[in-house]
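As a plain string of letters, each chain reads:
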Amino acid sequence: MYIPKYFKVTDFEEIREFVQQNSFGTLVTMKKGKPIASHLPLQLVKENEEYHVTGHMAYGNPQWRTFDAVEDVLVMFQGPHTYISSSWYEQENVPTWNYQAVHIYGTAQILTEEELKQDLTRLMEKYESHRANPVLWDTLSRELLERELKGIVGFKIPVREVQAAYKMSQNRNKTDYQNIISRLQEEKDPNAQKIADTMSEKQID
């Protein structure tokens, strides 16, 4: 991913938190020279001092069969994004787009059944534990779980390389930066509001 120096993020803890909050990702592999992708709920899990991206897909999805044929897979996570009008600048310029994105590279491995069960337990706890009537691994019947497990394939991707870009107008002067925040706060688009909030948290000097 092309990342100008103004927008590059290297703090892994910050990146980890971003992935945690924007964990519906895109998994990209190659099949006979053609890129293929799946959109999946994913997790960034720490095991034995190493981080892995974990997830699962339908058994009928042919993408998991490409794992052995490629050295690296690409996982993409995208956060809020919004249009930035150059009419908000002090000086004449062209419009642009602000966004947050993370790319992770690694070699995909198929999970064992026990590893898949553990990963599904974590996933359900993340999205269900705060609900009034949570559907958790231990609340479902063994018959249902065993039947559903036959229809999915779990995988993990040890994190080899991370690229993170937070394009938040860091290359603008302070006056422009503050004006962009103010104008985005006036927008009705939820993405614009989120970008404004993030820019407010990351004030430039």
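Below or above, wherever it landed, is the structure these notes cover.

The rules behind these values
- Residues numbered from 1 in each chain as written.
- Predicted model: local features only at pLDDT ≥ 70, side-chain atom pairs only at ≥ 80, totals over all residues.
- Heavy atoms only, no water.
- Pairing = 2+ DSSP bridges.
- Helix = DSSP H or I, 4+ residues; strand = E, 2+ residues; numbered from the N terminus.
- Axes fitted to C-alpha atoms, helices over the stretch in contact; angles between N-to-C directions.
- Contact = heavy atoms within 4.5 Å.
- 1 Å grid on protein atoms, 1.4 Å probe; cavity = no way out; pocket = protein on both sides within 12 Å on 5 of 7 lines; lining within 4 Å.
- Points joined across faces, edges and corners; volume = space filled by probe spheres on them.
- Nonpolar A, V, L, I, M, F, W, Y, C, P; charged D, E, K, R; others polar.
- Core = buried A, V, L, I, M, F, W, Y, C linked by side-chain atoms within 4.5 Å.
- Buried < 20%, exposed > 50% of the residue type's maximum accessible area, 1.4 Å probe, protein only.
- Polar contact = N/O pair within 3.5 Å; in protein donor to acceptor, adjacent residues only side chain to side chain.
- Salt bridge = Lys/Arg side-chain N within 4 Å of Asp/Glu carboxyl O.

**Topic: the sheet that holds strand 2 (residues 34-41)**
Read from one edge of the open sheet, five strands run 2-1-5-6-9, paired in antiparallel fashion. Of all the strands in the sheet, the pair left with one neighbour each is strand 2 and strand 9 (161-167). Put simply, the sheet's adjacent strands are angled 25° from each other on average, direction ignored. Note: strand 1 (residues 24-31) against strand 2, eight bridges, orientation antiparallel. Within the sheet, the bridge partner assigned to G25 lies in strand 2 and is L40. Helix 1 (residues 12-21) rests against strand 5 (73-84), strand 6 (96-106) and strand 9 of the sheet, and its axis sits at about 80° to strand 9.

**Remarks on the layout of surface pockets**
Here the largest pocket is characterised by a volume of approximately 280 Å³. Along its surface, the largest pocket is lined by 13 residues, and F18, Q21, Q100, T198 and E201 are the ones closest to its centre. Roughly 180 Å³ of internal volume is contained in the second largest pocket. H56, L120, L123, M124, W137, L140, L144, L145, E148, L149 and I152 together form the lining of the second largest pocket. Considering each element in turn, the lining of the second largest pocket owes the most residues, four residues, to helix 3 (residues 142-149). Class assignment for the residues of the lining of the second largest pocket results in nine nonpolar, one polar and one charged.

**Remarks on the sheet that holds strand 8 (residues 152-158)**
Judged by pairing direction, the sheet is antiparallel, and its four strands sit side by side in the order 3-4-8-7 without closing on themselves. Strands with a single pairing partner mark the edges of an open sheet, and in this sheet they are strand 3 (43-47) and strand 7 (109-110). Bridging between strand 3 and strand 4 (residues 50-58) involves five bridges; their strand directions are antiparallel. Bridging from a neighbouring strand, V45 pairs with H52 of strand 4.

**Overview of the nonpolar core**
Counting residues in hydrophobic clusters, the biggest one holds 36 residues, and the most contacted among them are L27, F77 and L184. Contributing elements (two or more residues each) for this core: helix 1, strand 4, strand 5, strand 6, strand 8, strand 9, helix 4 (174-186) and helix 5 (190-201). Among the nonpolar cores identified, the runner-up in size contains eight residues, and L111, L120, M124 and W137 belong to it.

**A look at the side chain of S23**
Relative to the assigned elements, S23 resides in the loop between helix 1 and strand 1. Take S23: its relative accessible area is 5%, and that puts it in the buried class. Within the structure, the side chain of S23 is placed 2.6 Å from the side chain of Y127, a separation counted as a polar contact. What S23 contacts, discounting residues up to four positions off in sequence, is L40, P41, L42, F77, K126 and Y127.

**Let's talk about the side chain of D119**
Among the structural elements, D119 can be located in helix 2 (residues 113-128). With sequence-adjacent residues up to four places away left out, D119 is seen in contact with Q43, V45, T54, G55 and L111.

**Considering unusual backbone geometry**
Here the phi dihedral of E49 falls at roughly 70°; this positive angle occurs in a residue that is not glycine. Note on placement: E49 falls in the loop between strand 3 and strand 4. Taking the relative accessible area as the measure of exposure, E49 reaches 67% and is therefore exposed. The backbone of S169 shows a phi angle near 60°, a positive value even though the residue is not glycine. Note on placement: S169 falls in the loop between strand 9 and helix 4.

**Some remarks on the pattern of salt bridges**
All chains considered together, the criterion is met by twelve salt bridges. The shortest N-O distance in the salt bridge between K117 and E113 comes to 3.4 Å. Linking K117 with E113, this pair stays in helix 2, spanning four residues, or about one helical turn. Judged by relative accessible area, which is 19%, K117 ranks as buried. One salt bridge connects E161 with R160, and the closest N-O pair in it is separated by 3.8 Å. According to the relative accessible area criterion, E161 is partly exposed, its value standing at 31%. With a relative accessible area of 52%, R160 lands in the exposed category. Overlapping salt bridges, with partners in common, bring together E13, R16 and E17 in one network.

Remember that the coordinates give geometry; whether it matters functionally is a separate question.
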